[in-house]
Amino acid sequence: MLPVHWKADSTADWEIARASRAAALPGVDMAGFRIRGDSPIELRAIPHPAVTVAVEFGDRPFDIYGASGQLRSESLAAGLAFSAFQVRAEGVECVQMRLSPLVAHPVLGLPLAELSGSIIALDELWGRDTPRLRERLHHARTWPERFALIDTELLTRLRAGRPVDPEVAWAWRQIVASHGRARVSDLAARTGWSRQRMWSRFGSQIGLTPKRAAMLVRFDHAIHGLVRGNTPARVAADGGYADQSHLHHDVRAFTGTTPTAAANEPWLAADDRAWPTLGGAA
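Residues numbered from 1 in each chain as written. Predicted model: local features only at pLDDT ≥ 70, side-chain atom pairs only at ≥ 80, totals over all residues. Heavy atoms only, no water.

With that out of the way, let us pick up the overall build of the protein. For the protein, the count of helices and strands is 13 helices and 11 strands. Its C-alpha radius of gyration of 18 Å places the protein within 12% of the 19 Å reference for a compact globule of 282 residues. The dimensions of the protein, computed from C-alpha atoms along their principal axes, are 50 × 45 × 35 Å. Burial statistics for the protein: of 282 residues in total, 51% are counted as buried. A fraction of 71% describes how many contacts in the protein between residues 6 or more apart in sequence connect residues 24 or more apart. When the accessible surface of the protein is totalled, it reaches about 13,000 Å², and 48% of it is carbon and sulfur. (Helix = DSSP H or I, 4+ residues; strand = E, 2+ residues; numbered from the N terminus. Rg over C-alpha atoms; globule rule 2.2 N^0.38 Å. Buried < 20%, exposed > 50% of the residue type's maximum accessible area, 1.4 Å probe, protein only. Contact = heavy atoms within 4.5 Å. Areas by Shrake-Rupley, 256 points an atom, 1.4 Å probe, with all protein chains shown as cover.)

Spelled out as structure tokens, the structure:
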């Protein structure tokens, strides 16, 4: 595994280390970031159909600005469908994890409804274990060593946590596999649950209603189509949107900006380098 070096703009050099998918836990994708420049970098974080966890180990905290206020921390956890937020940092060294909600529910130790749309310091969930993990990451000499430390931490928590209901897990996988185009009205019927029970259990454990989850997955598929250079008309048609205005509405809702501006964000441009084989947060 060799780090990828990339100049995202004229001011910052990125080193991105990719974790071997064979070594990672199912439902977990990891990448290491070392970003250097002559001045602090500012990025817009774009929602993704996974719970995002970042642990900084270079003693350079993130400054996070969003609709819910400002947060300064060396670690963060962002729930599904968080509002786009700005990250300002200097000399970043961190491991970022994308956790399927099926894994995040037991690993983080809380129903994801309590994290939905929020960005909080990981310390609030893991307590003193977070600074201890940061210290171990700091002293590790290579990216594979750091990824192994994260794997061990996540596996321990996964085994101790309470899993998602099988019916909820099946519904989530159907939504992801269809790129958000699954008929959510059929999901409950196919599990044998009532619609009310499905909506309640899914919302508590995943953090979104099935309809909102489908919107997020469809948006993610669409925005990466725009990043690859496809026209909005083609992306709207491929994604099952009624027209371009509906695509524009969803992009604005999840990113706070236009499709053209969002597609040029370094946060999204880094995806193919950090997670080049990512097939969705299933």
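Still more ground to cover, so stick around.
Here the focus is helix H5 (residues 166-177). Here H5 is 12 residues long and its end C-alpha atoms lie 16 Å apart, about the 16 Å a rise of 1.5 Å per residue gives. All of the buried residues in H5 are Val168, Ala169, Ala171, Trp172, Ile175 and Val176. Angularly, the buried residues of H5 cover 165° about the axis, an arc narrow enough to put them on a single face. Set apart from the buried face of H5 by more than 90 degrees, the exposed residues are Pro166 and Ala177. Looking at the buried positions of H5, the neighbouring elements they touch are helix H1 (101-108), helix H6 (184-191), helix H7 (195-206) and helix H8 (210-227). Just beyond H5, the residue with positive phi is His179, at close to 55°. (Expected span 1.5 Å × (residues − 1). Arc of directions from axis to C-beta.)

A few words on the environment of Gly161. Within the secondary structure layout, Gly161 lies in the loop between helix H4 (143-160) and H5. Counting along the chain gives 51 residues from Gly161 to Arg212, while the straight-line C-alpha distance between them is 25 Å.

Next up on the list: unusual backbone geometry. What you tend to see is this: most non-glycine residues have negative phi, and most peptide bonds are trans. Backbone geometry places Asp59, a non-glycine residue, at a positive phi of 60°. By the secondary structure assignment, Asp59 is in the loop between strand E5 (51-56) and strand E6 (62-66). For His179, which is not glycine, the phi torsion reads 55° and is therefore positive. Here His179 lies in the loop between H5 and H6.

Now for the sheet that holds strand E4 (residues 41-45). Taking strand neighbours across the sheet as the criterion, the 4 strands line up as E4-E9-E6-E7 in an open arrangement whose pairing is antiparallel. Two strands lie at the open edges of the sheet, namely E4 and strand E7 (69-73), each paired on one side alone. Between one strand axis and the next, the sheet turns by 20° as a mean value, whatever way the strands run. Two elements, E6 and E7, share 5 bridges in a ladder whose sense is antiparallel. Bridging across to E7, Ile64 finds its partner in Leu71. (Pairing = 2+ DSSP bridges. Axes fitted to C-alpha atoms, helices over the stretch in contact; angles between N-to-C directions.)

Turning our eyes to something else, we now look at the packing of H1 against H4. Packing of H1 against H4 leaves a shortest axis separation of 7 Å and a crossing angle of 80°. The orientation of H1 with respect to H4, classified from their angle, is roughly perpendicular. Within the contact between the two elements, H1 uses Val103, Pro106 and Val107 and H4 uses Leu154, Arg157 and Leu158. Residues belonging to the contact of H1 with H4 are distributed by class as follows: 5 nonpolar, no polar and 1 charged. (Parallel < 35°, antiparallel > 145°, perpendicular 65-115°, else oblique. Nonpolar A, V, L, I, M, F, W, Y, C, P; charged D, E, K, R; others polar.)

Summed over the entire model, instances satisfying the criterion amount to 6 aromatic pairs. Residues Trp14 and Phe33 carry aromatic rings whose centres are separated by 6.1 Å and whose planes lie at 80° to one another, so their mutual orientation is edge-to-face. In this pair, Trp14 is assigned in strand E2 (residues 12-18) and Phe33 in strand E3 (residues 28-37), connecting sequence segments 19 residues apart. Their ring planes at 55° and their centres at 5.1 Å tell us that Phe82 and Phe85 sit as a pair that is tilted. Grouping residues by exposure puts Phe82 and Phe85 together as buried. These aromatic residues form a ring-pair network of at least three members: Trp14, Phe33 and Trp275. One Lys or Arg, Arg146, reaches over the ring of Trp143 and ends 4.8 Å from the middle of that ring. (Phe/Tyr/Trp six-rings, centres within 6.5 Å; stacked < 30°, edge-to-face > 60°. Lys NZ or Arg CZ within 6 Å of the ring centre and 35° of its normal.)

Residue position: Leu125 is located in helix H2 (residues 123-126). Its relative accessible area of 22% is what places Leu125 among the partly exposed residues. Linking Leu125 and Arg141, residues 16 residues apart in sequence, is a C-alpha distance of 27 Å. If we skip the residues at most four places from it in the chain, Leu125 touches Ala77, Leu108, Leu110 and Ile120.

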